Every structure is written in C-alpha cells, then in structure tokens.
Amino acid sequence: MGLEDLKVLICDDSLLARKNLRDGLYKIGCKNVTEVKDGQAAIDSYKSNPADVVFLDIVMPVKDGITAAGEICNLDSNAYVIMVSSVGTQIHLREAIKAGAKDFLQKPATPEQIKEALSHVIGGDD
C-alpha cells in the first residue's frame, strides 16, 4: 500500500490544526483525507467508513482523543491511531498508548514527521 492509497481521518477541534495536518498529508501524497472536529465524530466516521490511519488530537470537546482512541481500537483491533497534540505530558502519552494509540506527534507536525509515522502503516522502514 502506498501513501496515495491510504484513507486518513483527521480529528481536531482546531480548524488551523486540521488544515496544517491535511496540507502535510497532501504534500507527501495522501489525497483521501476526511476531517472531523471532535472525538465522537471521529468514532462515528470510523464506524461508517473505517480509515487506514486516524490522527487524533487529545484535548477536544464532546469526547477527548484518548477516549476516542480507546473506542476506535475497541471497534477494530487493527486500527492505526496516531495522537497529534501540543499537550505532550507523560501521563497523556501513557493513557494514549493504553487506549491503543500506536504513535504520537507533537504539533505542528512536519510533512517529514507525518511520513515517518505513516511508514509503519505502509510497510516502509521495517
């Protein structure tokens, strides 16, 4: 699977953060990108149209990213969730991994950092 084949779901309550991540994804060749603005919307979107990769912010209204990560991973044990947040405490990281997240990116993520995180999904660098 190549980057151009990935179905990506971005979940962040910040329009600017979603735009920055989407632009980074487009720059590395990902074109099939869906955006939502809260954790519950991410869960609902994943249920109706499972993505290959889910990027989740941690602090959001309605349902936070760690809770959403746990619910998505309970729905699909193969879900590939990457947390993307400016809140990078060890407690949050431990909670995210416990919930099923596979990786963590600090905001704002560069296209190179995004590509590196996605390399594990598409089978590169293994």
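Here we summarise the structure given alongside this text. (Residues numbered from 1 in each chain as written. Predicted model: local features only at pLDDT ≥ 70, side-chain atom pairs only at ≥ 80, totals over all residues. Heavy atoms only, no water.)

## Overview of the overall build of the protein
Helix and strand counts for the protein stand at five helices and five strands. Taking 126 residues into account, the globule formula puts the C-alpha radius of gyration at 14 Å, and the protein, at 13 Å, falls close to it. The principal-axis extent of the C-alpha atoms belonging to the protein is close to 30 × 25 × 25 Å. Relative to its 126 residues, the protein shows a buried fraction of 45%. Partitioning the intrachain contacts of the protein with sequence separation of at least 6 by distance along the chain shows that 63% fall at a separation of at least 24. Surface exposure of the protein reaches about 6,400 Å², of which carbon and sulfur atoms provide 52%. Averaging the coordinates of the 14 positive side-chain charges in the protein and doing the same for the 19 negative ones gives two points 3 Å apart. (Helix = DSSP H or I, 4+ residues; strand = E, 2+ residues; numbered from the N terminus. Rg over C-alpha atoms; globule rule 2.2 N^0.38 Å. Buried < 20%, exposed > 50% of the residue type's maximum accessible area, 1.4 Å probe, protein only. Contact = heavy atoms within 4.5 Å. Areas by Shrake-Rupley, 256 points an atom, 1.4 Å probe, with all protein chains shown as cover. Lys, Arg positive; Asp, Glu negative; His and termini not counted. Charge placed at Lys NZ, Arg CZ, Asp CG, Glu CD.)

## Overview of the pairing of strand β3 (residues 53-56)
In the case of a regular strand, side chains alternate between the two sheet surfaces. The alternating pattern of β3 places V53 and F55 on one face and V54 and L56 on the opposite face, and all of these are buried. One ladder, built from four bridges, connects strand β1 (residues 7-11) with β3; its direction is parallel. Each residue of the ladder has a partner; that of V8, found in β3, is V53. Direction of pairing for β3 relative to strand β4 (residues 81-85): parallel, over a ladder of three bridges. Across the sheet, the residue bridging to V54 is V81, located in β4. (Pairing = 2+ DSSP bridges.)

## Comments concerning the sheet that holds strand β2 (residues 32-36)
In space, the five strands of this open sheet follow the order β2-β1-β3-β4-β5, with parallel pairing throughout. Strand pairing shows two members of the sheet lacking a second neighbour, β2 and β5 (103-106), which therefore form its edges. Sheet twist, expressed as the average angle between the axes of neighbouring strands with direction ignored, equals 20°. Sitting on the sheet, helix α1 (residues 15-27) touches β1, β2, β3 and β4, and the angle it makes with β2 is about 175°. Across the sheet, helix α3 (residues 65-75) is in contact with β3 and β4; its angle to β4 comes to roughly 175°. (Axes fitted to C-alpha atoms, helices over the stretch in contact; angles between N-to-C directions.)

## Some words on unusual backbone geometry
Among all residues except glycine, the phi angle is most often negative; among peptide bonds, the trans geometry is most common. Omega for the bond connecting K107 with P108 falls within 30 degrees of zero, at -10°, which places this linkage in the cis form. Of note, V62 is a non-glycine position whose phi angle comes to about 70°, a positive value. Residue V62 is classed as exposed on the basis of its relative accessible area, which comes to 68%.

## Focus: the nonpolar core
By size, the foremost hydrophobic cluster in this structure holds 22 residues, and its most contacted members are A42, V54, L56, I72, V81 and M83. If you list the elements that add at least two residues to this core, you get β1, α2 (39-48), β3, α3, β4 and α4 (90-99). With five residues, α3 is the largest single contributor of residues to this core. Other than its neighbours up to four places away in sequence, V81 contacts V54, L56, A69, I72, C73, A101, K102 and D103. Core analysis: the next-biggest nonpolar cluster, separate from the first, contains 19 residues, I10, L25, A109 and L118 among them. (Core = buried A, V, L, I, M, F, W, Y, C linked by side-chain atoms within 4.5 Å.)

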